[in-house]
Amino acid sequence: MPQAGTQPSNTFFKPECLDFLAKLQANNNRDWFKTNQAQYEAQVRTPALRFIEAMAPQVNQLSPRLTAVAKKVGGSLMRPQRDARFSHDKTPYKINVGIQFRHFQGKDVHAPGLYLHIANEGCFLGAGIWHPDSKALNQIRSCIDDNPNAYKQALVQLSKAGFAMQGDSLIRPPKGFDKTHPMLEELKRKDFIAIKPVSKEQLLSQHFDTWCTEQFLQTNKLMSYLCFALELDY
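Residues numbered from 1 in each chain as written. Predicted model: local features only at pLDDT ≥ 70, side-chain atom pairs only at ≥ 80, totals over all residues. Heavy atoms only, no water.

**Remarks on the overall build of the chain**
And step 1. When helices and strands are counted, the chain shows 9 helices and 5 strands.
And step 2. Its helices and strands taken in sequence order, the chain reads α-α-α-β-β-β-α-α-β-α-β-α-α-α from the N to the C terminus.
And step 3. At 19 Å, the chain has a C-alpha radius of gyration in line with the 17 Å of a compact globule built from 234 residues.
And step 4. Along the first, second and third principal axes, the C-alpha atoms of the chain reach 55 × 45 × 30 Å.
And step 5. Of all 234 residues assigned to the chain, the portion counted as buried reaches 44%.
And step 6. Long-range pairs, those at least 24 residues apart, make up 65% of the contacts in the chain with a sequence separation of at least 6.
And step 7. With an accessible surface of roughly 12,700 Å², the chain has 51% of that area assigned to carbon and sulfur atoms. (Helix = DSSP H or I, 4+ residues; strand = E, 2+ residues; numbered from the N terminus. Rg over C-alpha atoms; globule rule 2.2 N^0.38 Å. Buried < 20%, exposed > 50% of the residue type's maximum accessible area, 1.4 Å probe, protein only. Contact = heavy atoms within 4.5 Å. Areas by Shrake-Rupley, 256 points an atom, 1.4 Å probe, with all protein chains shown as cover.)

Shown next as structure tokens:
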């Protein structure tokens, strides 16, 4: 039995993971990160890779088209370095951990997928597609216009499970759609992603992988709908 106040040995993430991210936020420079690389490996990357490895068979059961790859580079764990080329914020490192189980036919992070975000300012699960290109966006909007009922069923499933659709939206109706369209607010979306908050207790809990799988299962109608709209298998 674990002692009081300690995390069970088969948890994936421990308080040290969030502690490291807090220290990185206060010391976001390459020299500090290089000096503390061993802590990053032990407290952040290794637990994340263990989580991805445990999730692989469960993700495959959700959909064999989704990938869960436990690799340091080029897998489901997103890299810690920021792309600051087009940002006013030039700090070199992300102060969060991002894990994505994306569709195997997708070429980048904008493909449909499932997502876990770990950060001190808030952890959450995500499902759907973030910042799709204009072609994909038009396909999704046309599908909602032609097949609204299945999309509405997906929204009901998400709401019951504690997910909420988030992301950017247009101010005006998208081109080709009337301002009186009954699904206008959904058609104005630029992101089709459902978010569910994850508490610190849930993140640090035993069998966090199983809990995540149960939550992701409640997003299957949205995921299958988006893949249908984009002519992808699911």
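Back to the write-up after that little detour.
**Structural notes on the packing of helix α5 (residues 148-160) against helix α9 (residues 220-229)**
And step 1. Look at α5 against α9: their axes get within 8 Å of each other, and the N-to-C directions meet at 150°. In terms of orientation, α5 and α9 fall into the roughly antiparallel class. The element α5 and its partner α9 pack so that their crossing is left-handed. Here α5 contributes A150, Y151, Q153, A154, Q157 and L158 to the contact with α9, which in turn contributes N220, K221, L222 and Y225.
And step 2. Residue composition of the contact of α5 with α9, grouped by class: 6 nonpolar, 3 polar and 1 charged. (Axes fitted to C-alpha atoms, helices over the stretch in contact; angles between N-to-C directions. Parallel < 35°, antiparallel > 145°, perpendicular 65-115°, else oblique. Left-handed = near helix turned anticlockwise from the far one by under 90°. Nonpolar A, V, L, I, M, F, W, Y, C, P; charged D, E, K, R; others polar.)

Any functional reading would require information that these geometric values do not contain.
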